[in-house]
Amino acid sequence: MNHPEHLENILTDTLVTEPDALLQKVTEAWRQLQIQQPLVQCITNSVAANYVANILLAAGASPAMIDNPFEAEAFAQVAAAVSLNTGTPTSEQMEAMRIAARTAHQTGTPWVIDPVGYSPLLKWRSDLVNEILQYKPAVIRGNASEISTLAGNQVNSKGVDSTLSSNEVYSQAKVLLNHAECIAISGESDYILCRSTEQIIKINGGSHLQPKVTATGCALGALIAAYTAVTSVEIATIAAHVHFAIAGKLAYETAQKTGSFNVAFMDYINGMNAELIQQYADIELIS
Amino acid sequence: MNHPEHLENILTDTLVTEPDALLQKVTEAWRQLQIQQPLVQCITNSVAANYVANILLAAGASPAMIDNPFEAEAFAQVAAAVSLNTGTPTSEQMEAMRIAARTAHQTGTPWVIDPVGYSPLLKWRSDLVNEILQYKPAVIRGNASEISTLAGNQVNSKGVDSTLSSNEVYSQAKVLLNHAECIAISGESDYILCRSTEQIIKINGGSHLQPKVTATGCALGALIAAYTAVTSVEIATIAAHVHFAIAGKLAYETAQKTGSFNVAFMDYINGMNAELIQQYADIELIS
Amino acid sequence: MNHPEHLENILTDTLVTEPDALLQKVTEAWRQLQIQQPLVQCITNSVAANYVANILLAAGASPAMIDNPFEAEAFAQVAAAVSLNTGTPTSEQMEAMRIAARTAHQTGTPWVIDPVGYSPLLKWRSDLVNEILQYKPAVIRGNASEISTLAGNQVNSKGVDSTLSSNEVYSQAKVLLNHAECIAISGESDYILCRSTEQIIKINGGSHLQPKVTATGCALGALIAAYTAVTSVEIATIAAHVHFAIAGKLAYETAQKTGSFNVAFMDYINGMNAELIQQYADIELIS
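A quick note: this is a predicted structure, and the numbers were derived from the prediction, not measured.

Further remarks concern the nonpolar core. Ranked by size, the top nonpolar core spans 112 residues in total, and within it Y227 of chain B together with L84 and I183 of chain C carry the most contacts. Take this core: its biggest share by element is 13 residues, from helix 10 (residues 233-254) of chain B. Non-local contacts of I183 of chain C, meaning those with residues more than four positions away in its chain, are made with I140, I147, A173, L176, L177, Y191, I192 and L193 of chain C.

Bringing the packing of aromatic side chains into the picture now. On inspection of all chains with the given rule, the structure shows twelve aromatic pairs over all chains. Plain terms: the ring middles of F244 of chain C and F265 of chain C are 5.1 Å apart, the flat faces sit at 85° to each other, and that makes the pair edge-to-face. Taken together, the positions of F244 of chain C in helix 10 (residues 233-254) and F265 of chain C in helix 11 (residues 258-270) put the pair 21 residues apart, joining distant regions of the chain. Since its relative accessible area comes to 0%, F265 of chain C is described here as buried. Within the aromatic cluster, the residues linked to one another by ring pairs are F244, F261 and F265 of chain A.

A few words on the interface of chain A and chain C. Taken residue by residue, the interface counts 28 residues in chain A and 28 residues in chain C. Buried surface at the junction of chain A and chain C, summed over both partners, amounts to about 2,300 Å²; 56% is from carbon and sulfur atoms. Notably, a salt bridge pairs E71 of chain A with R125 of chain C, separated by 2.7 Å at the nearest N-O pair. The tally of links from chain A across to chain C stands at eight residue pairs in polar contact (both at pLDDT 80 or more).

Moving on to the pairing of strand 6 (residues 182-186) of chain B. Residue and element names in this part refer to chain B. Here strand 6 lies mainly inside the structure; five of its five residues are buried. Neither face of strand 6 is exposed, since C182, A184 and S186 on one face and I183 and I185 on the opposite face are all buried. Bridge count for strand 5 (residues 139-143) against strand 6 is five bridges, and the pairing is parallel. Counterpart to N143 in the pairing with strand 6 is S186. Bridge analysis of strand 6 against strand 7 (residues 190-194) gives four bridges, and the strand direction is antiparallel. The residue of strand 7 that forms the bridge with A184 is I192.

Okay, the side chain of E146 of chain A next. All names here are of chain A. Positionally, E146 belongs in helix 7 (residues 144-150). Despite being buried, E146 has no salt bridge partner; R141 is the closest side chain of opposite charge, sitting 4.9 Å away. Here the side chain of E146 touches G117 through a polar contact of 3.0 Å, landing on its backbone nitrogen. For E146, the contacting residues outside a window of four places in its chain are D114, P115, V116, G117, Y118 and V160.

Another aspect to go through is the state of the cysteines. Residues and elements named next belong to chain A. A complete count under the given rule lists three disulfides over all chains for this structure. Across the disulfide, C182 is cross-linked to C194 (sulfur-sulfur distance 2.4 Å). The sign of the 105° torsion about the S-S bond sets the C182-C194 disulfide as right-handed. Residue C182 is located in strand 6 (residues 182-186), and its partner C194 is located in strand 7 (residues 190-194); the two are separated by twelve residues in the primary sequence. One exposure class covers both C182 and C194, and it is buried. Lacking any disulfide linkage, C218 is separated from the closest cysteine sulfur, that of C42, by 11 Å. For C218, a relative accessible area of 14% puts it in the buried group.

What counts and how
Residues numbered from 1 in each chain as written. Chains lettered and ligands numbered in written order. Predicted model: local features only at pLDDT ≥ 70, side-chain atom pairs only at ≥ 80, totals over all residues. Heavy atoms only, no water. Core = buried A, V, L, I, M, F, W, Y, C linked by side-chain atoms within 4.5 Å. Buried < 20%, exposed > 50% of the residue type's maximum accessible area, 1.4 Å probe, protein only. Helix = DSSP H or I, 4+ residues; strand = E, 2+ residues; numbered from the N terminus. Contact = heavy atoms within 4.5 Å. Phe/Tyr/Trp six-rings, centres within 6.5 Å; stacked < 30°, edge-to-face > 60°. Buried area = accessible area lost by both parts, 1.4 Å probe. Salt bridge = Lys/Arg side-chain N within 4 Å of Asp/Glu carboxyl O. Polar contact = N/O pair within 3.5 Å; in protein donor to acceptor, adjacent residues only side chain to side chain. Pairing = 2+ DSSP bridges. Lys, Arg positive; Asp, Glu negative; His and termini not counted. Disulfide = S-S within 2.5 Å.

Spelled out as structure tokens, the structure:
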């Protein structure tokens, strides 16, 4: 992974507001993911570990779940991107997340935080999330309840699933751009806010079955991280969501129950190509 | 989740001995699971975590794997049910199980224990199971070897798989009704004993491939917990076993090898409906 | 599990160099796996746990993921084989691996080490691997980068995936026969070296999609361990690789994307039989 080139991308590759040009950039990001196969360090939860690794491999990236505090620093120094997730933290993983976030910040490696379960109820993990925001994640990604609570609102969350709609939350999320370059809120449609533009990016597609398969959100967070290794943070966030939305939409046309839907979803994540992106990407820019 | 209503259910909704009325109650339990989508706290093993979450989501419940000792109490206070499983315990999970069981007991939240590997050989986990039985699980669920050993018999268990048949064990299991309202023993047929009735409930169906897919038993324990949040403990235990037995039977008609069987099984867990329950539930009452 | 008989096998059942006789031995090993269903203790990573258990069950063995330091000794004393894997170690798992390796050595139980991520970068786990080699694993199994580094070469590994080809490494690997009876190197073709023969055994088959499904290597390590419980270490290592290579080849004929490929792969692991082994095994002996 060529860090200097990557950093240059972040600086020069600003978000384009013409839908066609944007689609080209998303397609090119997908191509670069296949070529570069970036090494992504994932510290994720026990529910998601296998699924996240399989999604990243299927999408073209190279995952490594280095989640112990004794190796986290050395590995974050060589990883092309880092993905952190607070689904089922252990004390050792907590410490590893602290170290990986700090190291990524020091080396200029983009990292993504998915603050699963962020809420007053789950204080231990929420405190950790608050603490590591100082290390400036590239992207904060979560469901509407998590993002709203993180943005300082009182939310009645339901465990780790959302009780809010994504479209209720995206205006609240702007305050989080103080911490990260982009904020991504998943829901029936996904909303992305970036520091570099006033526009809200809305990604349509997907399937209502996605939240019925566990760890799809966790895998999306890791895929965003993978894309940040090969393009700008803004395009990375959009490209990962488009990749997921197309796969979810086409998988649901193939299978309508969660077992076979999940297999078809993995197949479409793996079988993504430039034609599918051109044909099915559904990106709205909201002024 | 409305706890007072739930507690009232436990008190008023006694086991019915007319098969037709019983089937109606099972069907209604399934309907309530879809409507209420109860939040189930699961502390389970690393083999089962993803699978358990997917089974619960597919069945209609809302799983949350809050398995650290720092958040276990707060979460058990809001969960609609708690599912504990001793498959691959860590020190932190052990402490979380202690806390979750105690908290569930204090709040009157139904909880289920699946004492995976309970045996003289695996003393650490077995001691924990012995200890937390004081917190009065609603249901103890296990394979025949685990239940027989827990009931005080000497068994030559084979790792975490059973060496006994379920029908050899159900008379031994009665002593465990001192600890829990129902005892469920899985095997070629499943047997359920409840404190509220002298009859043994035998659930037929399923497939010989189920024990060839790991964590199906663990997922069944979690599904029992989910059902206890929406109906009486007796009906919950029966309904979860019926849900599994029908899905296993129909999945085997679809696929005869474990990979595709597992996909079909998840599809039928997800695709369960009142008609399938009425048509395929096979419940015997043994006097 | 009959240990004395097993040990006798190791002593008397030397590698045969006639391909037909070798194939008979592989077929017989598969049959014995179905009959004996050996109990395999696996201490593996969070990404692989579910998959490894399902592969072992599908193949005919009986997995038990006893990975805590408080039960590891008692369990290793009764297991028919032990499989260790350093993918995502925790402090407790590390201690459990030490104990299990030592115990297996004391009881003469065959054990397999898959040194996932072995490299100067990941020092914590690599130190553990170095330490437990004193307990004489039956088999060391890894990808080309891991095996080359373990053999004392400097390699630029990429996380946990290999940057070397298996055929570049097998001559380097001979030095590792000081530690283990067989060394297995996975790659486009798999290479096996054994102390008891000068010949290199090359296993052809499989699919380029196998490394795109996470934990296939981890599952192969566990399957080798399972086979060591029912035949000689040499035949066990070959049989596990043949089992995987045939399933991978046939699965790819069924499905070309990773989601459905993975389902088909599990189906063929489960559906292996003497005819498929006779028809599709592709074993080369390199002098």
